[in-house]
Amino acid sequence: MSQSEKPTILLVDDEIGILKSLQRLLKELDVTVLTASGGPEALVFMKNSPITLIISDQRMPQMTGVELLSRSRAIHPNAIRILLTGYADLDSTMQAINSGAIRYYITKPWEDELLLSRIKESLELYDMLMDNKRLDEITHVQNEELRRLNATLEERVEKQTAEIKNQNEELLRSFMETIKAFSTILELRLKDVGSHSQRVSSLVKKMLQKMDLNKKEYQDIIVAAHLHDIGKVSYPDTLLKKTANTYTKTEMKTVLKHPILGQSCVIAINGFEEIALIVRHHHEHFDGSGYPDYLRGSGIPLGARLIRIADAYDHIAFAHGYPDEKRLNDAAAYLVRESGIIFDPALVRQFTDPDTGGQYYHKESAETVLVTIGELKNNMVVAENIYTDSGMFVLPRDARLSMEMITCIIKIARYDPISKGITVYRADAAEKSENESLQSAIG
Ligand SMILES: [Fe+2]
Ligand SMILES: [Fe+2]
């Protein structure tokens, strides 16, 4: 109850003297007192005023106190009810007391002190009940609000996540567009480097689809593929007009520096540290014979190993404009031959295997030749599995022959001949591809 609202006490008795005594008793309290001489009059008061406490006599002519208090529940359910009853009526009153939700009953004549203390307790109780009710209402409103928030929380989180995702995708799109625009600008200075870089990046992207990399690793490799030859902007005009086999020693030195220059072009960009490293190592060879740092195997960043493959493939396939089937085949065959030497063999397998969606590669139509054991040479690549006449398996296709391996084949053939000969890739075809790929390997 607020401070400004005084509690209202309704006194009901048909004896005017009793009402007066009660009024006197209540003088010391800061309350509003209403008096009624019977049930009907009291009900009128109840309908028109807020009531905190009702003190009613039991025995009245028109309506008993129990009946009045019982009816008052419907009008003022929170009001506290006290019944005054004569000693003779006590039994019958007790039976009816619950229906009136009566808090206390006091027998007449009452003791002032006891009645006053019951009245004070009742007023405090009422205040407490009202405070609880208010708290209940607040809790109910808050619970409702919480329930509403919970019901929409998931929806709002989903909406915000989608918005953030869209913004990120938009950012990434514009970032990749900037990178592509950059490689197109490169093309203005270096004919074909821009489109070469875009093709390399598409090939690399295709290989990455089969790998389980996180978003940052994936994006770094794609960006590095676009920018891998950026160091070539340092080439003088004279060098740009020449082919790889006509480079002078000094020009060769410039060419060998382009990965390092490329690295220094991009390393200053915040977050491009990994990209710069991939650019630096895109000419390392799997066996350690590349440049600039002679890294080998898995010591070469994955992105650089992937770019090495896509770069060589693209240089051979596009050496004379748009590639035909044969050139694509030659390019893939070259990767297979140099697998383990220039290129990461596991990645080459993945790149060239048509069964897993790899690059076009018809081993059947690659240029092969049947040779005798005596004609085998170091570095020849076996085009078909080798079996002896008795069916013993000797070597798998794609094996690159070393002198030790040839000696071994000769020894085996002495006891178990290989009379149908050995199919290898044509040396001149290999040489031709190697010459073409020399440009890719150094450029
Ligand atoms: Fe390069
Ligand atoms: Fe390149």
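In case you missed it, the structure is sitting above this.
The sections below set out a description of the structure shown in this document. (Residues numbered from 1 in each chain as written. Chains lettered and ligands numbered in written order. Predicted model: local features only at pLDDT ≥ 70, side-chain atom pairs only at ≥ 80, totals over all residues. Heavy atoms only, no water.)

### Overview of the pattern of salt bridges
- The final tally for this structure, using the stated rule, is 16 salt bridges.
- The salt bridge partner of Asp314 is Arg199, with a shortest N-O separation of 2.5 Å. Here Arg199 lies in helix 6 (residues 193–208) and Asp314 lies in helix 11 (residues 302–317), a separation of 115 residues in the sequence.
- Its relative accessible area of 2% is what places Asp314 among the buried residues. (Salt bridge = Lys/Arg side-chain N within 4 Å of Asp/Glu carboxyl O. Helix = DSSP H or I, 4+ residues; strand = E, 2+ residues; numbered from the N terminus. Buried < 20%, exposed > 50% of the residue type's maximum accessible area, 1.4 Å probe, protein only.)

### Digging into the coordination of the iron ion (ligand 2)
- Taken together, the protein donors to the iron ion (ligand 2) comprise His196 (NE2), His228 (NE2), Asp229 (OD) and Asp311 (OD), at separations of 1.9 to 2.3 Å.
- Accessibility expressed as a relative area gives 4% for His196, which makes it buried. (Donors = N, O, S within 2.8 Å, 3.2 Å for Na, K, Ca; no water.)

### Focus on empty space enclosed by the protein
- Going through the model one piece at a time under the given rule, you end up with three cavities of 30 Å³ or more.
- Forming the boundary of the second largest cavity are Glu384, Asn385, Ile386, Tyr387, Ile418, Lys420, Gly421, Ile422 and Thr423.
- For the lining of the second largest cavity, the secondary-structure elements that each account for two or more residues are strand 7 (386–387) and strand 9 (422–425). (1 Å grid on protein atoms, 1.4 Å probe; cavity = no way out; pocket = protein on both sides within 12 Å on 5 of 7 lines; lining within 4 Å. Points joined across faces, edges and corners; volume = space filled by probe spheres on them.)

### Section: the coordination of the iron ion (ligand 1)
- Within the protein, Asp229 (OD), His258 (NE2), His282 (NE2) and His283 (NE2) serve as the donor atoms for the iron ion (ligand 1), at 2.1 to 2.3 Å.
- Every donor counted, the four donor atoms about the iron ion (ligand 1) form angles of 83 to 175° at the centre, which fits irregular coordination.
- Linear spacing of the donor residues for the iron ion (ligand 1) on their chain is D-x28-H-x23-H-H.
- In this structure, the iron ion (ligand 1) is positioned 3.8 Å from the iron ion (ligand 2), and both are ligated by Asp229. Here Asp229, found in the loop between helix 7 (215–227) and helix 8 (237–240), pairs with His282, found in the loop between helix 10 (273–280) and helix 11; they are 53 residues apart in sequence, far enough to count as distant.
- Under the relative-accessibility criterion, His282 is labelled buried at 0%. (Tetrahedral: all angles 85-135°; square planar, octahedral: opposite > 155°, others 65-115°.)

### Quick look at the nonpolar core
- Within the largest apolar cluster, 43 residues are counted, with the highest numbers of intra-cluster contacts made by Val204, Leu306, Ile309, Leu335 and Phe343.
- For this core, the secondary-structure elements that each account for two or more residues are helix 5 (112–189), helix 6, helix 7, helix 10, helix 11, helix 12 (325–337) and helix 13 (345–352). (Core = buried A, V, L, I, M, F, W, Y, C linked by side-chain atoms within 4.5 Å.)

### What about the environment of Met380?
- Mapped onto the fold, Met380 is located in the loop between strand 6 (368–371) and strand 7.
- Along the backbone, Met380 and Ala399 are 19 residues apart, and their C-alpha atoms lie at a distance of 8.4 Å.

### Quick look at the sheet that holds strand 3 (residues 53–57)
- What the five strands build is an open sheet, ordered 2-1-3-4-5; its pairing is parallel. A strand with exactly one partner marks an edge of an open sheet, and here the two such strands are strand 2 (32–36) and strand 5 (104–107). Looking at each pair of strands side by side, their axes are set apart by 20° on average, direction ignored.
- Pairing of strand 1 (residues 8–12) with strand 2, which is carried by five bridges, proceeds in the parallel orientation. For Leu10, the partnering residue across the bridge sits in strand 2 and is Leu34.
- The strands that helix 2 (residues 39–48) touches are strand 1, strand 2 and strand 3; relative to strand 2, the one it contacts most, it runs at about 145°.
- Running at roughly 175° to strand 4 (residues 80–85), helix 3 (residues 65–75) makes contact with strand 1, strand 3 and strand 4 of the sheet. (Pairing = 2+ DSSP bridges. Axes fitted to C-alpha atoms, helices over the stretch in contact; angles between N-to-C directions. Contact = heavy atoms within 4.5 Å.)

### A look at unusual backbone geometry
- Omega for the bond connecting Lys108 with Pro109 falls within 30 degrees of zero, at -15°, which places this linkage in the cis form.
- With an omega of 10°, the peptide bond running from Tyr291 to Pro292 counts as cis.
- Tracing the backbone through its elements, the reader meets Pro292 in the loop between helix 10 and helix 11.
- Even without a glycine there, the phi angle at Tyr294 is positive, about 55°.
- Looking at the element boundaries, Tyr294 is found in the loop between helix 10 and helix 11.
- The exposed category is assigned to Tyr294, whose relative accessible area is 57%.

### Some words on helix 1 (residues 16–26)
- The set of residues buried in helix 1 consists of Ile18, Leu19, Leu22, Leu25 and Leu26. Each buried residue of helix 1 sits inside an arc of 120° when the element is viewed along its axis, so together they form one side. Set apart from the buried face of helix 1 by more than 90 degrees, the exposed residues are Ile16 and Arg24. (Arc of directions from axis to C-beta.)

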